[in-house]
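# Per-entry structural report
Listed below are the residues making up each chain.
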Amino acid sequence: MLEDFAGSGQFQRLDAAQTTLQLSQLIELGGKRAARMSLGTADRDLASWDYEVRRIDTLVHTAGAFVDVLAAQERLRLAEESLELALSMQRVASRRLRAGIASPAEEIRAGVQVDIAGVEREHTEHALATARQALAATWAGEEARFERAAGDLERLPAVPLPEELAQRLDASPSVARWQTELAQRAALHGRAKSQRVP
């Protein structure tokens, strides 16, 4: 800053002017900086837990879609077996009718069972196609380009003990996210309180 110039007498020219350098620093009182940093840390942690919860939700959704494909494959296999059995029964009924052992109604009933089994097979085939497409959609696939999903629906994981479940619950990202949100709200409250001090 330039001072003492354009005056009168000895201060007429710029020779007598003074240059002043001024430094200033903001000193925050009332814990404003600490409150701001605490809130920033809580916001960062909350975003991290939100990401983790969404990541696990995506894994769960994908695993569910995979199990749906396995189940649909098994239902289709059973429907095909049921159709084969119905066709076999129809052939037996036809032979019995030709041999004169059975009435025509028995053959008609066997034909109806073949029709029902055929419709059921077609229905399960469409359900499998839908489940395959839903699984492919979890990795942004436009169509299912796999022939068959391999897995065992009969093998189930062991059920954890109640103590282990309690530990898992405490370590859950959803629980940690809510604890972090409580910390964020406490940091917001602390920042608001620190604003009272000028």
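Criteria and cut-off values
- Residues numbered from 1 in each chain as written.
- Predicted model: local features only at pLDDT ≥ 70, side-chain atom pairs only at ≥ 80, totals over all residues.
- Heavy atoms only, no water.
- Phe/Tyr/Trp six-rings, centres within 6.5 Å; stacked < 30°, edge-to-face > 60°.
- Lys NZ or Arg CZ within 6 Å of the ring centre and 35° of its normal.
- pLDDT = per-residue confidence, 0-100.
- Helix = DSSP H or I, 4+ residues; strand = E, 2+ residues; numbered from the N terminus.
- Axes fitted to C-alpha atoms, helices over the stretch in contact; angles between N-to-C directions.
- Parallel < 35°, antiparallel > 145°, perpendicular 65-115°, else oblique.
- Left-handed = near helix turned anticlockwise from the far one by under 90°.
- Nonpolar A, V, L, I, M, F, W, Y, C, P; charged D, E, K, R; others polar.

The subject of this paragraph is the packing of aromatic side chains. Geometrically, a pair of aromatic rings is defined through the distance of the ring centres and the angle of the planes. Taken as a whole, this structure holds zero aromatic pairs when the rule is applied. The positively charged end of R177 is found above the aromatic ring belonging to W178, 4.8 Å away from the centroid.

In this section: the confidence of the model for the protein chain. Interpretation of this model should avoid reading the predicted coordinates in detail wherever pLDDT is low. Of the residues in the protein chain, 91% reach a pLDDT of 70 or more, and the chain-wide mean stands at 84. Of all helices and strands in the protein chain, the one with the weakest mean pLDDT is strand β1 (residues 2–3) (61), whereas helix α2 (residues 104–138) scores best (92).

On to the packing of helix α1 (residues 32–99) against α2, then. Running from N to C, α1 and α2 cross one another at 165°; their axes reach a closest spacing of 8 Å. Comparing the axis directions of α1 and α2 gives the class roughly antiparallel. In this structure, α1 crosses over α2, and the sense of that crossing is left-handed. Residues that form the contact of α1 with α2 fall into these classes: 21 nonpolar, 11 polar and 10 charged.

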